[in-house]
Every structure is written in C-alpha cells, then in structure tokens.
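The chain contents come next:
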Amino acid sequence: MEKKTKKLWIKILGIFLLILIVLLSILLFRYHILTTVQQKNNESNEKTNCYYYSETKDMIMECWKKDGIMKLNVQQRKGTGKITFWEDTTTGEELIFWNTPEKIYAKGNGAMIKNLPTGMLFTDENYIRFLMAVNPKLHIASITYNNQKCYSFKIEEQEEIIEKNTGLILYQNNVSDRVFTYRFDLVTDKDVEKLDITQYRFIEQ
C-alpha cells in the first residue's frame, strides 16, 4: 500500500513539474518576444533620418526627423487648421506654430514628441515587461499585416500590431483605430526647415 501511495505521489509530482516546466517555457518565450520588440523599437528610434504618418478617423499626424531637427504636424480632420511643432534638438530651440486663420507662434517647452510611436507594451523596465508576460489576458500571435511579418498583441478588446523587423507599431485600437506608415533615409532639409516666423505673430505662453 505504501509503495502504491509513493508511486502515485511520484507521478503527481512528475506531472506537476512537467506543467511547471511548460508554463515557465511559455512565460520565457513571451518575455523574449516582448524584449525583442522593445530592442527593435529602440534601434528604430536611433535612426537619424525618418518619417512617420499616422491617422485615425479624427486626426492626422506627420513627423519628420533629420540630423537632430524634428518637425511634427498635427491636424484634426474636421478642424480649421493644423499645429506644427518644430525643434532643433542640438540647440534646444523649440517652437509651436498654429496654422489657423490667425497665424501665431510661441516657444515650446517639451511639447515635441521625440520618439516614434509606442504603445501599451513598450517599456525599458524588465520587471514591468515580466509582469506583462505573466498576464494571462495578454494574447500574442504571429500574423501577416500589409505583407509584413508582425506580432499581434491583444488584451481584451485592445490590439496592437507590431512589425517584427523594426518593432514599430503598424496598427492599434486602444482608443480608436489608428494606422501607421514609416519611411527611413528619405527626409530632406526642406522637410524639416523652420517655418517663416515673419508670417506669424508671436505670443507668450
């Protein structure tokens, strides 16, 4: 009787260890995917010449970056104008232009979005990334999106599609459907030139 009980407990322990190994393998695999995506995104952000375009049903954003100079246009689809953020990151000069019927501009104060688009999964904190990998609500799948190899990350109704090679978001719906496109090494000096301030009225913020 004791031998049978001992064998039963050995089997139970073996099954438990097997399940634990499988769960740990899955966890490490998910953590590896999240870490790889973060590293690829960091590499993409290090590029000195890049452009991205994003749109939702309400808003359009365009951003150009070349050799430390950045320009970002934000425009509501049903708005009367657009806002242009311009910054020379080497000198710290930052300006905001309102391209409305009354053209005005002001000095910026950290308003420029410096990074390429990121989402709910991007973090350099290993501990937080580990918690994401453990989260049973996070579903990860390999998919093809716009002919690109991507990961689909879903948490309940929220989804982000991230390109494997670049770590860049191509689609997200955490607020509303938003799509992205990117180009590298095609931005010219004209694309990032500062707007002619003589055409605007300066205001203090």
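What you see is a predicted model, and the numbers here were worked out from it, not measured in a lab. (Residues numbered from 1 in each chain as written. Predicted model: local features only at pLDDT ≥ 70, side-chain atom pairs only at ≥ 80, totals over all residues. Heavy atoms only, no water.)

Visitor: Break down empty space enclosed by the protein for me, with residues and values.
Guide: For the structure on display, the rule yields 1 cavity of 30 Å³ or more. Roughly 70 Å³ of volume is contained in the largest cavity. Contributing to the lining of the largest cavity are Asn 45, Cys 50, Tyr 52, Cys 63, Lys 65, Met 70, Ile 113, Lys 114, Asn 115 and Leu 116. Looking at the lining of the largest cavity, the elements that each hand over two or more residues are strand E1 (49-55) and strand E2 (59-66). Of the residues in the lining of the largest cavity, the class split is 6 nonpolar, 2 polar and 2 charged. (1 Å grid on protein atoms, 1.4 Å probe; cavity = no way out; pocket = protein on both sides within 12 Å on 5 of 7 lines; lining within 4 Å. Points joined across faces, edges and corners; volume = space filled by probe spheres on them. Helix = DSSP H or I, 4+ residues; strand = E, 2+ residues; numbered from the N terminus. Nonpolar A, V, L, I, M, F, W, Y, C, P; charged D, E, K, R; others polar.)

Visitor: Give me the lowdown on the packing of aromatic side chains, citing residues and values where you can.
Guide: In this description, an aromatic ring pair is defined by two values, namely the gap between the centres and the angle between the planes. A complete count under the given rule lists 8 aromatic pairs for this structure. When the ring of Tyr 52 is compared with that of Tyr 182, the centres are 6.4 Å apart and the planes differ by 45 degrees; the resulting orientation is tilted. On the criterion of sequence distance, the pair formed by Tyr 52 in strand E1 and Tyr 182 in strand E11 (residues 178-184) is long-range, its members being 130 residues apart. Look at Phe 97 and Tyr 105: their rings are 5.6 Å apart centre to centre, the planes differ by 20 degrees, and that puts the pair in the stacked class. Like Tyr 105, Phe 97 is buried. (Phe/Tyr/Trp six-rings, centres within 6.5 Å; stacked < 30°, edge-to-face > 60°. Buried < 20%, exposed > 50% of the residue type's maximum accessible area, 1.4 Å probe, protein only.)

Visitor: Can you tell me about the confidence of the model for the protein, naming the residues and giving the values?
Guide: Per-residue pLDDT for the protein averages 88, and the proportion of residues at 70 or more is 94%. Across the protein, the secondary-structure element scoring lowest on mean pLDDT is helix H1 (residues 2-45), at 81, and the one scoring highest is E1, at 96. (pLDDT = per-residue confidence, 0-100.)

Visitor: Residue-level account of unusual backbone geometry, with values.
Guide: With phi around 65 degrees, Asn 147 is a residue other than glycine that occupies positive phi space. Considering the arrangement of structural elements, one finds Asn 147 in the loop between strand E7 (138-145) and strand E8 (148-155). Overall, Asn 147 belongs to the exposed group, its relative accessible area being 74%.

Visitor: Can you explain helix H2 (residues 126-134)? Please cite residues and give values.
Guide: Residues that lie three or four places apart on an α-helix share one face, since the helix turns once every 3.6 residues. Considered for burial, the residues of H2 that qualify are Arg 129, Met 132 and Ala 133. Buried positions in H2, seen along its axis, are confined to an arc of 100 degrees and lie on one side of it. (Arc of directions from axis to C-beta.)

Visitor: Please provide a residue-by-residue account of the pairing of E7, values included.
Guide: For E7 and E8, the ladder comprises 8 bridges, and the chain directions are antiparallel. By the bridge assignment, His 139 is partnered in E8 with Lys 154. Once E7 ends, the chain turns through 2 residues before running back antiparallel as E8, passing Asn 146 with a positive phi of about 50 degrees. (Pairing = 2+ DSSP bridges.)

Visitor: Tell me about the side chain of Ser 44, and please be specific about residues and values.
Guide: Within the fold, Ser 44 resides in helix H1. The exposure class of Ser 44 is buried, given its relative accessible area of 4%. Among the polar contacts listed, one links the side chain of Ser 44 to the backbone oxygen of Thr 166, at a separation of 2.8 Å. Residue contacts for Ser 44: discarding those within four places in its chain leaves Leu 116, Thr 166, Leu 168 and Phe 184. (Polar contact = N/O pair within 3.5 Å; in protein donor to acceptor, adjacent residues only side chain to side chain. Contact = heavy atoms within 4.5 Å.)

Visitor: Break down the nonpolar core for me, citing the residues and quoting the values.
Guide: Of all hydrophobic cores here, the largest spans 33 residues; its most connected members are Leu 72 and Phe 153. Looking at which element gives the most residues to this core, the answer is H1, with 4 residues. Ignoring any residue separated from it by four or fewer positions in sequence, one finds Leu 72 in contact with Tyr 52, Met 61, Glu 62, Cys 63, Ile 83, Thr 84, Phe 85, Met 112 and Ile 113. In this structure, Leu 95, Phe 97, Leu 195 and Tyr 200 belong to the second largest nonpolar core, which totals 6 residues. (Core = buried A, V, L, I, M, F, W, Y, C linked by side-chain atoms within 4.5 Å.)

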